[in-house]
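The lines below spell out each chain.
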Amino acid sequence: MIGLFRSEFLKLRSVRSNLTMAIAAAGLPIVGTVLVAIFISVKDVGETTIPRMINSAGNVSMLIVGILGVLCVTQEYSQSTIRLTLAATPNRFSVYVAKLAVIVASGTVLMTGVVIACVAVGNAILSARGFSGDSTHPDAQASYVALVLASVLVGALGVGLGAITRNPPSAIAILLLWPLLVEVLIGNIVAAVFSRNILDWLPFGAAFQATFLEIEDLKFGRFGSLGYFGLWTLAIVLIGQVVLRSRDA
Amino acid sequence: MILVENMTKRFGKFTAVDDLSFVVNPGQVTGFLGPNGSGKSTTMRCMIGLDSLDSGSTTFNGQRYVDFRRPLHSVGVLLDAGNAHVGRTARNHLRWLAQSNGISKSRVDEVLEIVGLTDVSRRKVGKYSLGMKQRLGLAAVLLGDPHAVILDEPANGLDPEGIRWIREMLKKLASEDRAVLVSSHLLSEISLIADNLIVIGKGRLIDQCSVPDFIGRYAQRWVRIESPQLTEFASILERAGGRTELQTSGAIVHNLDATTIGELAAKNSVVLHQLATETGSLEDAFLELTSSSVEYHGTLGGGK
């Protein structure tokens, strides 16, 4: 299994488009944090400045990690390497688990590194500019952990969507339109018709909110919401496994 | 030994492979022939579990492919030269395959050397010609030093030097007591390398035999004669039941064997400058045998 894991990791890192995605996921929050730290007026800096920057850009990075998960599977079909993969490892469950493990590990390392880099670079720049106050919000660490966990879950969801659709454009479209269009529409329609806020019940709505600094109104709490999103992810991942096992390569 | 037993594969109502059984013996190159759409590629995919079977089984030295933990050590497969990511280098392509089956990096270098791609191994596969991709595919086949080899159209896109190389490679693999199954549309190539043939049509086995037996059974035979008294002798042959086709030099006689023609010549004091039995090629035999199994026919066009 270690060999298979290393094999899948080599596949992921040996293609430029995947590396570009990883750089984009890492670069966006870091560049955003640097720009905010450079250009914000020192008197406006508070304990929420850096966490908010990390979380807002981090939510985009989260979706990019999801795209990485999609590509991890769909590239195999678009490039016809899936036949070779399954010829080398006939146990499809092992292949699927290895792909999930690679995305989970890569997502964890990537997003943890991004958060650490953002905090370090942001604070360093602010200190250099003469800011001497406290830039650490008490809930910042929990929101950072939630961001990393949510990113990993979205990455796993991407793997599941990739296994179901086998097609990069379709899977990426679903991954992006689901949170950015479908959930927004559903949330707005329900709010307009029934005057009810169901954002906490929408999978991505729950995941995004779990990464926010302030979560007082969150029905399931920070990690409860992540658990709720995790259930959706698990369902998609399981469907993906069934599809991978049952369909001809 | 590769043993395929009663393999059936359906796509909806269409039966692509129909109760197909055959054996590929070690130490021999076995050609796998059939017209387009006859089910060769589907059969090969089913043999290694890429496509699910409706019934039947395939075993490699008694073991099912899906039961191999590290199958590259037992069975080498080349189904499509394009099965490599265009954005990945050839070396990395082989490395991920090697890692998945616990094969060392040094073996990757060895097979790159064997197929002659060492100098371009760090180039992306997208920049490879079809012939280079075929060589890369063969490198993947050789990675695990398998005892059985399955190749689908391995000579596709290769230049004459490459075709000769693969011919020698397949013979070498068979000489090392490996079971080699190779499909190809290049019948002249198959006739040069194959010891045995498996011929299928519309998913069914038509015949399995040695190449000489196959040609002997299905190719037409005729006798070529040359004589200064050709016109006179042609009418003698026609009267004896032969069918003669006069050509620019000599004639071709059907329905009579060389012995009969020689005796008729002697009896009628006809001088013969040539009397030789000729046999059709593997291609002739194949076309004769599979004419009723061809799914897609072409024409030369031009007619109204």
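All values derive from a computational prediction rather than experimental measurement. (Residues numbered from 1 in each chain as written. Chains lettered and ligands numbered in written order. Predicted model: local features only at pLDDT ≥ 70, side-chain atom pairs only at ≥ 80, totals over all residues.)

(A) Up close: the sheet that holds strand β7 (residues 179-183) of chain B. All names here are of chain B. Taken in spatial order, the 6 strands of this open sheet run β5-β6-β7-β3-β8-β9, and their pairing is mixed. Looking at the sheet topology across the chains shown, the edges are occupied by β5 (75-78) and β9 (204-210). With strand direction ignored, the average angle separating the axes of adjacent strands in the sheet is 15°. Where strand β3 (residues 28-33) and β7 come together, 5 bridges link them in parallel fashion. By the bridge assignment, F32 is partnered in β7 with S183. (Pairing = 2+ DSSP bridges. Helix = DSSP H or I, 4+ residues; strand = E, 2+ residues; numbered from the N terminus. Axes fitted to C-alpha atoms, helices over the stretch in contact; angles between N-to-C directions.)

(B) Region of the structure containing the pairing of β9(B). Residues and elements named next belong to chain B. Two strands pair when backbone bridges link them, and strand β8 (residues 196-201) and β9 are joined in this way by 6 bridges, in the antiparallel orientation. Of the residues in β9, the one forming a bridge with I200 is L205. A loop of 2 residues connects β8 with β9, the two strands running antiparallel in sequence, and K202 in this loop sits at a positive phi of about 50°.

(C) View of the sheet that holds strand β11 (residues 243-246) of chain B. All names here are of chain B. The strand order β11-β12-β10-β13 describes an open sheet built from 4 strands, whose pairing is antiparallel. Looking at strand neighbours, the two that pair on one side only are β11 and β13 (274-279), the edges of this open sheet. Here the strands of the sheet are splayed against their neighbours by 25° on average, with no regard to which way each runs. Of the pairings in the sheet, the one linking strand β10 (residues 221-226) to strand β12 (residues 251-254) comprises 3 bridges and is antiparallel in character. Across the sheet, I225 pairs through a bridge with A251, a residue of β12. Of the strands in this sheet, β10, β12 and β13 are in contact with helix α9 (residues 258-267), which crosses β13 at around 165°. (Contact = placed C-beta atoms within 7 Å.)

(D) Here's a closer look at the interface of chain A and chain B. Of the residues lining the interface, 23 residues belong to chain A; the matching set on chain B comes to 29 residues. For the side of chain A that touches chain B, the secondary-structure elements that each account for two or more residues are α1 (2-13), α2 (16-39) and α4 (82-88) of chain A. If you tally residues by element for the side of chain A that touches chain B, the top one is α1(A), at 6 residues. Residue composition of the side of chain A that touches chain B, grouped by class: 9 nonpolar, 9 polar and 5 charged. (Nonpolar A, V, L, I, M, F, W, Y, C, P; charged D, E, K, R; others polar.)

(E) Examining the confidence of the model for chain B more closely. Residues and elements named next belong to chain B. In this model, chain B carries a mean pLDDT of 89, and residues with pLDDT of at least 70 account for 96%. Considering each helix and strand of chain B separately, the mean pLDDT is smallest for helix α10 (residues 282-290), with a value of 78, and largest for helix α2 (residues 90-100), with 96. Across the assembled chains, the prediction reports ipTM 0.86 with pTM 0.84. (pLDDT = per-residue confidence, 0-100.)

(F) Quick peek at helix α5 (residues 160-175) of chain B. Residues and elements named next belong to chain B. Between its first and last C-alpha, α5 extends 22 Å over 16 residues, near the 22 Å set by a 1.5 Å rise per residue. If you follow the buried residues of α5, they end up packed against β3, α4 (130-142), β6 (148-152), β7 and α6 (187-193). Taken from the residues just after α5, D177 is the one with a positive phi, measuring 70°. (Expected span 1.5 Å × (residues − 1).)

(G) Here's a closer look at the domain arrangement of chain B. When cut into domains, chain B gives domain 1 (2-217) and domain 2 (221-279). One C-alpha centre belongs to domain 1 of chain B, the other to domain 2 of chain B; they are set 46 Å apart. (Domains from an automatic or database assignment.)

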